[in-house]
Amino acid sequence: MKMWILAICLFFQINLDAQKNDTLYFYSNHDYKIEAKDTAECFTKQFKTGDRWVRYKYRIKDIGMYMCDIDENSDSTFTKLNGMHIGYQLGVLYDSGYYKNGVRDGIWHFYYPGTRQPGMIAHFKEDKPMSFQCFSEDGSPKKENCYYEREADYPDGLSAWLDYIGRNVGRVLSRNQKALRVDSQGKIIDVGVRKSSGYETLDQYALEIITKSKNWIPAVQYGRLVKAYRIQPVSFQIVDYR
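Residues numbered from 1 in each chain as written. Predicted model: local features only at pLDDT ≥ 70, side-chain atom pairs only at ≥ 80, totals over all residues. Heavy atoms only, no water.

1. So, the overall build of the chain
Part 1: In terms of regular secondary structure, the chain is built from three helices and 17 strands.
Part 2: Across the 242 residues that make up the chain, the buried fraction comes to 35%.
Part 3: For the chain, contacts bridging at least 24 residues in sequence account for 37% of all contacts bridging at least 6.
Part 4: With the model as given, the accessible surface of the chain reaches about 15800 Å², and the carbon-plus-sulfur share is 53%. (Helix = DSSP H or I, 4+ residues; strand = E, 2+ residues; numbered from the N terminus. Buried < 20%, exposed > 50% of the residue type's maximum accessible area, 1.4 Å probe, protein only. Contact = heavy atoms within 4.5 Å. Areas by Shrake-Rupley, 256 points an atom, 1.4 Å probe, with all protein chains shown as cover.)

2. Notes on helix α2 (residues 158-168)
Part 1: Within the sequence span of α2, burial applies to Ala160, Trp161, Tyr164 and Ile165. Mapping the buried residues of α2 onto a view down its axis gives an arc of 140°, with all of them on the same face. More than 90 degrees from the buried face of α2, the exposed residues found are Ser159 and Arg167. (Arc of directions from axis to C-beta.)

3. Looking at the nonpolar core
Part 1: Counting residues in each nonpolar core, the largest one holds 15 residues, and the members touching the most others are Ala152, Tyr154, Trp161, Tyr164, Ile165, Ile210 and Trp216.
Part 2: Among the elements of the structure, α2, α3 (200-211) and β17 (228-236) are those that each provide at least two residues to this core.
Part 3: No other element matches α2, which puts four residues into this core.
Part 4: Among all residues touching Trp216, those that are not within four sequence positions of it are Ala152, Asp153, Tyr154, Pro155, Trp161, Val182, Gln185, Gly186, Ile188 and Arg230.
Part 5: By size, the runner-up hydrophobic cluster in this structure holds nine residues, among which are Tyr94, Cys134, Tyr148 and Tyr222. (Core = buried A, V, L, I, M, F, W, Y, C linked by side-chain atoms within 4.5 Å.)

4. Looking at the packing of aromatic side chains
Part 1: Per the counting criterion, the structure on display carries 16 aromatic pairs.
Part 2: Here Phe132 and Tyr148 contribute two aromatic rings whose centre-to-centre distance is 5.9 Å and whose plane-to-plane angle is 40°, an arrangement assigned as tilted. Residue Phe132 is located in strand β10 (residues 128-135), and its partner Tyr148 is located in the loop between β11 (141-142) and β12 (149-150); the two are separated by 16 residues in the primary sequence.
Part 3: When its relative accessible area of 37% is taken as the criterion, Phe132 is described as partly exposed.
Part 4: Over the ring of Tyr147 we find Arg150; its NZ or CZ atom is 4.7 Å from the centre of that ring.
Part 5: Looking at Arg224, its charged tip hangs above the ring of Tyr94, at a distance of 4.4 Å from the centre. (Phe/Tyr/Trp six-rings, centres within 6.5 Å; stacked < 30°, edge-to-face > 60°. Lys NZ or Arg CZ within 6 Å of the ring centre and 35° of its normal.)

5. Some points on the pairing of strand β4 (residues 66-73)
Part 1: With eight of its eight residues buried, β4 lies for the most part within the structure.
Part 2: Here seven bridges tie strand β3 (residues 52-59) to β4, and the two strands are oriented antiparallel to one another. Bridging across to β4, Arg59 finds its partner in Tyr66.
Part 3: Alignment of β4 against strand β5 (residues 83-89), held across three bridges, turns out to be antiparallel. Looking across to β5, one finds that Ile70 is bridged to Ile86. (Pairing = 2+ DSSP bridges.)

6. Here's the deal with the sheet that holds strand β15 (residues 219-221)
Part 1: Overall, antiparallel pairing links the three strands, which are arranged β12-β15-β16 in an open sheet. In this open sheet, the two strands that pair with only one neighbour each are β12 and β16 (224-226).
Part 2: In this sheet, β16 lies alongside β15 in antiparallel orientation, the contact comprising three bridges. Along β16, the bridge assignment pairs Val220 with Leu225.

Structure (structure tokens):
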């Protein structure tokens, strides 16, 4: 009887050791390059289930810990993904689908923020979208304004935007660069000076001109309205009347 109990305990201990060897924890940057805990952007748990490996990546820098990615692969190196992927942005479900030899292949879902409702379902082959269908947030199919990707645009086009800047600012002599974001509703937000003209008054004037422009047509990615980023050079003509 004692020998039987010993055999059971030994078998149980062997399984525990194998399970420990099949689970890895490490700190890294966003691209899984291992870093020290104090400087790392991410924390990763990697483990084996059956004949597959699963990897959970969490963002741990800036605003606390939140989920980034869940990936499945045929081996522990994850050099080229082969299997399921679930992506998150700031801990919110973003997309899901399958990789084959490191590229998207098969059916992918791209979700509205904070929901499980896809804004688009797309079919990929070797990372190229072969077909796609857009959906409203209530789940009904969208036939109009269905775009795989579309840049944010001024309502009357780029030439009208440049004309607006030119009419309100002037011509070339002193130049600066403004960085701006267009939110998912088309409003201009987060305007800042990327490269100064050398004159604070001119920088502030250019900021006001850009901020006061009318709303843009928002950018689209995977059937969903998204924020967009743009760098706009602004030029001034400086006249010396002395």
